[in-house]
Amino acid sequence: AGDNFNLYVTYLSDDSIKTKHSSDSGENWSSLQSRVTSGNQCNGIDTDFQPSTGLHLTWATADNNGWYETYYISYNNNNELNNDFKQVTDYGIQIGGFPSIAYSANRVHVGYTVTQLSKPADYFTGTGSTDSRTRYSGTWEKPKSSADSSGTHKVIVRDEKLYSFDFEAQPYNKYNLKLRY
C-alpha cells in the first residue's frame, strides 16, 4: 500500500503482523509496531493507505476451533497503532476469512468470505458467501452480503462507490468473476 513517496509492506512472521514503511520511495525502510496475532494459521492480510487517516490493516486467522475470524486495526499518520482493534466477524454466529479492505470518505470497508457454523467453508478455495462490514465515524455497521455461494472476493472503492469482485463457484471447479456494487 502507499501514496506518492510513502510505501508500506505488511507481512506475517511467526505470530506477528509486521509492517515496514518507506517515506522515500523504498530507499530506506523503518519498522512499525508489530501486531501480535494468535499464531494460528492465517489465510489473508490486506492493507489500504489513505494520506488523511493512515494505514488500515485486516487479516484472518483460524482462531475459532479451526474456523477463521477476520480482524481490523489501523496506524495513524505518525505510524503508531491506533486503539481501534476489531474482530470484524463478531456479528451473530458469523465467521470467515480471506479478508480485503478499502477506504472511502470517513468509512473503512472490510470484505471477507463468510461461513455459518452449520455450513463450513472450504478453507482452500474460500467457498461461502461474501460479506463486508463498514466502519463509519468509529461505529461498525451490520454486515452486508455481496453474494451467496461465492468464493473469495476483493472490495475496492472508486468515486465513493463500493465494489466487490467475487469469484462465483460454477460446476466442474470453474469460477466466474462477478462485479457487484
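That block above? That's the structure.
Calculation rules
- Residues numbered from 1 in each chain as written.
- Predicted model: local features only at pLDDT ≥ 70, side-chain atom pairs only at ≥ 80, totals over all residues.
- Heavy atoms only, no water.
- Helix = DSSP H or I, 4+ residues; strand = E, 2+ residues; numbered from the N terminus.
- Contact = heavy atoms within 4.5 Å.
- Areas by Shrake-Rupley, 256 points an atom, 1.4 Å probe, with all protein chains shown as cover.
- Polar contact = N/O pair within 3.5 Å; in protein donor to acceptor, adjacent residues only side chain to side chain.
- Buried < 20%, exposed > 50% of the residue type's maximum accessible area, 1.4 Å probe, protein only.
- Core = buried A, V, L, I, M, F, W, Y, C linked by side-chain atoms within 4.5 Å.

Asker: Any chance you could explain the overall build of the protein here in plain terms?
Answerer: Counting secondary structure elements, the protein contains zero helices and 16 strands. Here the contacts in the protein between residues at least 6 apart in sequence split such that 38% fall between residues at least 24 apart. Surface summary for the protein: the accessible area is close to 9600 Å², and the carbon and sulfur share equals 46%.

Asker: What am I meant to see in the environment of Thr10 here?
Answerer: Along the chain, Thr10 turns up in strand S2 (residues 6-13). Distance from Thr10 to Thr47, taken between C-alpha atoms, is 7.6 Å for residues 37 residues apart in sequence. Residues within four places of Thr10 in sequence aside, it is in contact with Ile17, Lys18, Thr19, Ile45, Thr47, Leu55 and Leu57. Polar contacts involving the side chain of Thr10 include one to the side chain of Thr19, which spans 3.2 Å.

Asker: Would you take a moment to explain the environment of Asp131 for this structure?
Answerer: For Asp131, the location among the structural elements is in strand S12 (residues 128-136). The class of Asp131 is buried, set by a relative accessible area of 7%. Along the chain, Asp131 and Gly96 lie 35 residues apart, while their C-alpha atoms are 9.1 Å from each other. A polar atom in the side chain of Asp131 sits 2.7 Å from the side chain of Gln94. At a separation of 3.4 Å, a polar atom in the side chain of Asp131 contacts the side chain of Ser145.

Asker: Mind showing me how you'd approach the nonpolar core here?
Answerer: Side chains of nonpolar character tend, in soluble globular proteins, to be buried together. Core analysis: the biggest nonpolar cluster contains 10 residues, these being Tyr8, Ile17, Leu32, Phe49, Leu55, Leu57, Trp59, Tyr71, Ile73 and Tyr75. Elements with a contribution of two residues or more to this core: strand S7 (54-64) and strand S8 (67-75). Among residues more than four places away in sequence, those in contact with Phe49 are Ala1, Gly2, Asp3, Asn6, Tyr8, Gly54 and Leu55. By size, the runner-up hydrophobic cluster in this structure holds nine residues, among which are Tyr72, Val88, Tyr103 and Val110.

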